[in-house]
Amino acid sequence: MSLFINFSYIISAILFIFGLKMLGSPATARRGNQLSALGMLLAIVVTLLNAGLDYKWIILGILVGSAIGVYAAVKVEMTAMPEMVALFNGFGGLASLFLAWAEYHQFLMDKAELPEMPTFIAIVTFLSVLIGGVTFSGSMVAFGKLSGKITQKAVVFTGQHLVNGAILAAALLAAAVFCANPGSGFGYFLFIVIVLISLGFGVTSTIPIGGADMPVVISLLNSYSGLAACAAGFVISNKLLIVAGALVGASGIILTKIMCKAMNRSLANVLFSGFGSTTAKSSGQGAQGEVRPASTEDVYYILEAADSVVFVPGYGLAVAQAQHVVRELGELLEKNDTEVSYAIHPVAGRMPGHMNVLLAEANVPYDQLVEMDDINPRMDSVDVCVVIGANDVVNPAALNDKSSPIYGMPIIETHRARTVIVLKRSMNPGFAGIENALFFGDNTRMYFGDAKESIQALVAQFKNN
Amino acid sequence: MEAVYLSFIFVLTIFLGFELISKVPSTLHTPLMSGSNAISGITLIGAMASLQTEIHGLSALLGTLAVALAAINVAGGYLVTDRMLEMFKKKETSSEGGDK
């Protein structure tokens with residue numbers, strides 16, 4: 001029977017791999033996800049064939065868990081996806097922690113019949129608990145920040161790195177002693193200490209990271225949740241846990257790398273610098289001049305005359321829930337024989353691909369969504385760029401102001417378009433507290449107001465004329 | 001020896017994962033993340049297998065909690081990913097007449 005189960009696990013692994021492969025294109029992605037789900041279903045069914053299972057606990061757990069999961073999946077707003085993914089990362093981490101703990105407790109209780117715990121098992125048990133605990137509490141902090149329950153600002157205090165370093169050192173010390181004698185009562189005490197330290201470390205390592213750096217943090221925690229499952233797989237030597245966990249781990253690492261590259265910062269800089277906690281004082285000069293505000297009517301005439309319009313959405317679009325009206329405006333423009341596309345910066349929003357999902361929700365076809373590297377080379381021929389709730393990702397200082405904190409970050413070069421319309425509530429600087437020279441450009445018109453209301457006004461203008 | 005063999009699987013899968021994921025376009029990064037949330041719910045089968053009949057009280061409690069948490073990930077993750085991917089449509093289905 002065990003042979004049959006393990007062979008079925010291979011099939012599950014193949015389905016996971018093909019499922020991820022089919023995520024390579026929007027056309028096949030949905031089928032891919034379903035294939036992956038089929039693989040999971042197969043794994044669950046064959047696991048039930050294991051001898052000597054206590055079904056009442058399994059059924060209870062599955063029923064409660066899936067009910068919550070289904071409810072959350074049906075109810076969640078697309079603008080709240082970052083929060084949901086953060087929460088799910090955390091649950092994954094906690095599940096792995098609990099599994100490792102359950103196994104360890106069971107081992108201690110059965111000790112009379114078993115040989116001493118091998119050091120390898122002790123080490124992977126420790127890793128499972130450490131990664132799982134950090135993933136859980138870190139994700140809860142990320143969730144709190146994303147949903148606005150705690151401050152989005154980076155929380156920094158003097159000696160923070162020292163504190164974090166000391167916590168990590170304490171964890172490693174406890175782990176070393178634990179791995180030397182895992183089977184004793186003292187070993188169990190250390191185990192609990194490690195659990196607590198891991199939970200604490202997740203909090204202290206996530207609070208110094210500010211809101212706009214969340215795409216990196218979520219990706220990283222996503223990776224951790226996979227690695228936690230992987231470590232749990234080592235504990236119970238289950239190959240499918242290792243394969244699936246490693247796939248997720250690799251996925252998170254790649255996303256983290258892409259996000260860091262899109263901000264031109266190293267991972268260490270994102271994790272430790274507390275970026276955004278202090279408003280940048282150095283970049284006062286240069287980004288001054290006269291702002292040219294525009295009325296709804298002005299903007300309407302500019303758009304009406306344009307041959308090509310590129311929308312550049314940012315987190316402000318999600319906050320204002322403006323995705324549907326933007327699509328409506330886009331369709332009106334298309335009817336007016338204007339070429340419309342949407343240029344999306346990799347770190348726009350609060351998680352990778354956030355803007356794409358919002359626009360897809362509003363029925364924008366995915367072939368109108370273009371990436372930064374595709375739009376920049378033909379920016380000179382674009383008539384109008386409409387920047388909605390984006391700031392740092394269109395700041396030309398990243399290209400030409402060496403003193404700017406975001407210097408070197410790749411941006412969507414909207415300032416090269418013939419006309420730029422910037423939708424903004426007020427002249428407050430963006431997340432990083434950096435002045436944006438784009439707003440003072442000769443070809444820039446500022447269209448002040450709430451993004452949703454402003455676009456609605458434009459839509460009304462188009463319909464009336 | 002088991003340790004070496006498991007580590008082998010781990011390392012090779014990481015490389016496979018790098019190859020697979022680097023081909024996912026940035027448009028699909030959010031579904032990729034929620035989909036991998038679901039896959040990391042694989043802890044579910046480990047937790048299920050740990051719930052043996054002769055299990056001790058605390059282990060049963062922890063195991064059941066692990067099953068429930070992982071099941072949230074599996075059910076919620078796959079479902080919300082499907083919901084999202086359903087919304088990704090090509091041009092002809094959504095805009096009427098205004099092509100090019």
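Just so we're clear, the structure is a prediction, and the values are computed from it rather than from any experiment.

## Examining the nonpolar core
Reasoning step 1: Counting 151 residues, the largest nonpolar core has A:Phe16, A:Phe178, A:Leu303, A:Phe311, A:Leu329, A:Ile388 and B:Ile42 as the members making the most contacts within it.
Reasoning step 2: The residues contacting A:Phe16, other than those within four sequence positions of it, are A:Ser36, A:Gly39, A:Met40, A:Leu240, A:Ala244, A:Leu247, B:Ile39, B:Ile42 and B:Tyr78.
Reasoning step 3: Of all hydrophobic cores here, the second largest spans 33 residues; its members include A:Val216, A:Val270, A:Ile434 and A:Phe440.

## Looking at the domain arrangement of chain A
Residue and element names in this part refer to chain A.
Reasoning step 1: Taken domain by domain, chain A holds domain 1 (1–75), domain 2 (78–271) and domain 3 (296–464).
Reasoning step 2: Of note, the centres of domain 2 and domain 3, computed from C-alpha atoms alone, are 37 Å apart.
Reasoning step 3: On the domain 3 side, the residues contacting the 20 residues of domain 2 number 20 residues.
Reasoning step 4: Approximately 1600 Å² of surface area, both sides summed, lies buried where domain 2 meets domain 3, with 72% of it carried by carbon and sulfur atoms.
Reasoning step 5: Three residues, Met78, Thr79 and Ala262, lead the burial of domain 2 against domain 3; their summed loss comes to 33% of the area buried on that side.
Reasoning step 6: Where domain 2 touches domain 3, the interface holds zero salt bridges.
Reasoning step 7: Sorting the residues of the side of domain 2 that touches domain 3 by element identifies helix H4 (81–109), helix H8 (214–235) and helix H9 (239–262) as the ones contributing at least two each.
Reasoning step 8: Class assignment of the residues belonging to the side of domain 2 that touches domain 3 gives a composition of 13 nonpolar, six polar and one charged.

## Quick word on the packing of helix H1 (residues 2–22) of chain A against H9(A)
Helix-helix packing is described using two parameters, namely the angle between the two axes and the distance between the axes.
All names here are of chain A.
Reasoning step 1: Two numbers describe how H1 lies on H9: the axes approach to 10 Å, and their chain directions differ by 10°. Considered as vectors, H1 and H9 are oriented roughly parallel to each other. When H1 is examined against H9, the residues Tyr9, Ser12, Ala13, Phe16, Ile17 and Leu20 are found in contact with a partner set consisting of Leu240, Val243, Ala244 and Leu247.

## A short note on the pairing of strand E5 (residues 419–424) of chain A
Residue and element names in this part refer to chain A.
Reasoning step 1: Taking burial as the measure, the six residues of E5 include five buried ones, the bulk of the element.
Reasoning step 2: Sheet analysis places strand E4 (residues 384–388) next to E5, joined by five bridges and oriented parallel. Bridging across to E5, Cys385 finds its partner in Val420.

## Looking at unusual backbone geometry
All names here are of chain A.
Reasoning step 1: Its identity is not glycine, yet Ser237 carries a phi of approximately 40°, on the positive side.
Reasoning step 2: Turning to its location among the elements, Ser237 is positioned in the loop between H8 and H9.
Reasoning step 3: Judged by its relative accessible area of 28%, Ser237 falls in the partly exposed class.
Reasoning step 4: In this model, Asp337 sits at a positive phi of 65°, which is unusual for a non-glycine residue.
Reasoning step 5: Within the element layout of this structure, Asp337 appears in the loop between helix H13 (323–335) and strand E2 (339–344).
Reasoning step 6: Residue Asp337 is classed as exposed on the basis of its relative accessible area of 68%.

What counts as what
- Residues numbered from 1 in each chain as written.
- Chains lettered and ligands numbered in written order.
- Predicted model: local features only at pLDDT ≥ 70, side-chain atom pairs only at ≥ 80, totals over all residues.
- Heavy atoms only, no water.
- Core = buried A, V, L, I, M, F, W, Y, C linked by side-chain atoms within 4.5 Å.
- Buried < 20%, exposed > 50% of the residue type's maximum accessible area, 1.4 Å probe, protein only.
- Contact = heavy atoms within 4.5 Å.
- Domains from an automatic or database assignment.
- Buried area = accessible area lost by both parts, 1.4 Å probe.
- Salt bridge = Lys/Arg side-chain N within 4 Å of Asp/Glu carboxyl O.
- Helix = DSSP H or I, 4+ residues; strand = E, 2+ residues; numbered from the N terminus.
- Nonpolar A, V, L, I, M, F, W, Y, C, P; charged D, E, K, R; others polar.
- Axes fitted to C-alpha atoms, helices over the stretch in contact; angles between N-to-C directions.
- Parallel < 35°, antiparallel > 145°, perpendicular 65-115°, else oblique.
- Pairing = 2+ DSSP bridges.

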